[in-house]
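# Commentary on secondary and tertiary structure
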Amino acid sequence: MTLLADLTNLTGTELLLLSGITFLAAMVRGFSGFGLSAVVMASAIFILPPLALIPMLWFLEMAGSLAMFKGGLADAHRPTAKGLIIGSGLGLPIGLLLNLQLPTDTSKAVALTILIVLALSQLFKLRLPFLATTAGTYGAGLVAGIITGFSGAGGMFIALYMLSRQLDPRTMRGTLSIYLLGAGIIGLTTHLLIGTMDQVAVARGLFFIIPTLIGLYVGRALFIPRLEPYYKPFCLTLLLGLASLGLLRTVSN
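### So, the pattern of salt bridges
- All told, the structure shown has one salt bridge when counted by the stated rule.
- Linking Glu-61 and Arg-29 is a salt bridge whose minimum nitrogen-to-oxygen distance equals 3.0 Å. In this pair, Glu-61 is assigned in helix α4 (residues 50-67) and Arg-29 in helix α2 (residues 12-32), connecting sequence segments 32 residues apart.
- Taking relative accessible area as the criterion, Glu-61 reaches 22% and is therefore assigned partly exposed.
- For Arg-29, a relative accessible area of 9% corresponds to the buried category.

Laid out in structure tokens, this is it:
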């Protein structure tokens, strides 16, 4: 435990808390299909600041995406995936560099506010028709990248983008698979160039992959098809509550 604490720069209590948080967040992802990074950010932001969580979350998201990979690459709409990847690649360094300029408490407040806005937007099924254009696709990727640089939850904005597109489920899954892979590769490169992916972030990411994968499989095992319509509203409400409490605490401090 001492060696692990040294590698991750976390106390034993923090390791246990973060293991529980990543496990529960992965359970949410397992039965709802989203929310891993968002729930971790909303819950763990008082253990680690956003800039420490975001590179760690890269490992968890990549592990989650590979574990839940549904294939269908041949069905993907490649121009859409390309636009999202390019936009995200441009947006992530902007988000990270802006985040680096902010005091820690301000960074926390911005990250939590973004999560609240995204949760509300999905709860009310906000549709943004202008995104269903070529320019809108690149713009959606750009915004998702910037959001990832602040809160790690750019995938939630991509979900809003997908609401505005008339893609059948197979095409959507294939497109998202390509996007997640491409954005993940670009994201790792960006973190390494900017310096946010250091040895400590790597150690944390690799360690917390374990509770993440366990949580994913538990969440999938607990999935009940007849309750599927209720999973997403429940998870969004949970995220909204966690982020709101966190924001109130940040502001009061």
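### A word on the packing of aromatic side chains
- Tallied over the entire structure, the rule returns three aromatic pairs.
- Measuring from centroid to centroid gives 5.0 Å for Phe-207 and Phe-208, while their planes differ by 80 degrees, and the two rings are edge-to-face.
- Of the residues examined, Phe-207 reaches a relative accessible area of 24% and is grouped as partly exposed.
- Arranged with centres 5.4 Å apart and planes meeting at 35 degrees, the rings of Phe-223 and Tyr-231 form a pair that is tilted.
- When its relative accessible area of 30% is taken as the criterion, Phe-223 is described as partly exposed.

### Digging into the nonpolar core
- Val-40, Met-41, Leu-115, Leu-118 and Phe-157 are the most contacted members of the largest nonpolar core, which has 70 residues in total.
- Apart from residues no more than four positions distant in its own chain, Met-41 is found in contact with Pro-50, Leu-53, Ile-54, Leu-57, Ala-111, Leu-115, Ser-151 and Gly-152.

### Structural notes on unusual backbone geometry
- Located in the positive-phi region is Asn-9, a residue other than glycine, with phi close to 55 degrees.
- Residue placement: Asn-9 occurs in the loop between α1 (2-8) and α2.
- Backbone geometry places Lys-125, a non-glycine residue, at a positive phi of 50 degrees.
- Tracing the backbone through its elements, the reader meets Lys-125 in the loop between α6 (104-123) and α7 (134-151).

### A closer look at α7
- In this model, α7 (18 residues) spans 26 Å end to end at C-alpha, consistent with the 26 Å of a helix rising 1.5 Å per residue.
- Summarising the contacts, the buried residues of α7 are in contact with α3 (36-44), α4, α5 (78-100), α6, α8 (154-163) and α9 (169-194).
- Following α7 by one or two positions, Gly-152 has its phi on the positive side, about 75 degrees.

### Side note on the side chain of Thr-137
- As for its position among the elements, Thr-137 is in helix α7.
- Classification of Thr-137 as buried rests on a relative accessible area of 5%.
- When residues no more than four places from it in sequence are discounted, the contact partners of Thr-137 are Thr-80, Gly-83, Leu-84, Leu-131, Tyr-161 and Arg-165.

### Things to note about the packing of α6 against α7
- One way to put it is that α6 packs onto α7 with a least axis distance of 8 Å and a crossing angle of 130 degrees. Relative to α7, the element α6 lies oblique. In this structure, α6 contributes Val-110, Ala-111, Ile-114, Leu-115 and Leu-118 to the contact, and α7 contributes Ile-147, Phe-150 and Ser-151.
- Taken together, the residues of the contact of α6 with α7 sort by class into seven nonpolar, one polar and no charged.

### Focus on the side chain of Ser-164
- Within the element layout of this structure, Ser-164 appears in the loop between α8 and α9.
- Those residues in contact with Ser-164, other than ones at most four positions away along the chain, are Arg-127, Leu-128, Pro-129, Leu-131 and Ala-132.

### Some details on a nonpolar patch on the surface
- Where nonpolar side chains cluster on the molecular surface, the patch consists of Ile-86, Leu-90, Ile-94, Leu-98, Tyr-138 and Leu-142 and spans about 490 Å² of accessible area.
- Among the secondary structure elements, those contributing two or more residues to the nonpolar patch are α5 and α7.
- Ranked by residues supplied to the nonpolar patch, first place goes to α5 with four residues.

### A short note on helix α11 (residues 228-252)
- Compared with the 36 Å implied by 1.5 Å per residue over 25 residues, the 37 Å span of α11 between its first and last C-alpha is a close match.
- Among the residues of α11, those classed as buried are Tyr-231, Cys-235, Leu-236, Leu-239, Leu-240, Ala-243, Gly-246, Leu-247 and Thr-250.
- Where α11 is buried, its residues contact α2, α3, α6, α8 and α10 (199-222).

Criteria and cut-off values
- Residues numbered from 1 in each chain as written.
- Predicted model: local features only at pLDDT ≥ 70, side-chain atom pairs only at ≥ 80, totals over all residues.
- Heavy atoms only, no water.
- Salt bridge = Lys/Arg side-chain N within 4 Å of Asp/Glu carboxyl O.
- Helix = DSSP H or I, 4+ residues; strand = E, 2+ residues; numbered from the N terminus.
- Buried < 20%, exposed > 50% of the residue type's maximum accessible area, 1.4 Å probe, protein only.
- Phe/Tyr/Trp six-rings, centres within 6.5 Å; stacked < 30°, edge-to-face > 60°.
- Core = buried A, V, L, I, M, F, W, Y, C linked by side-chain atoms within 4.5 Å.
- Contact = heavy atoms within 4.5 Å.
- Expected span 1.5 Å × (residues − 1).
- Axes fitted to C-alpha atoms, helices over the stretch in contact; angles between N-to-C directions.
- Parallel < 35°, antiparallel > 145°, perpendicular 65-115°, else oblique.
- Nonpolar A, V, L, I, M, F, W, Y, C, P; charged D, E, K, R; others polar.
- Patch = residues over 30% accessible without salt bridge, like charges linked within 9 Å, V, L, I, M, F, W, Y side chains within 5 Å.
- Areas by Shrake-Rupley, 256 points an atom, 1.4 Å probe, with all protein chains shown as cover.

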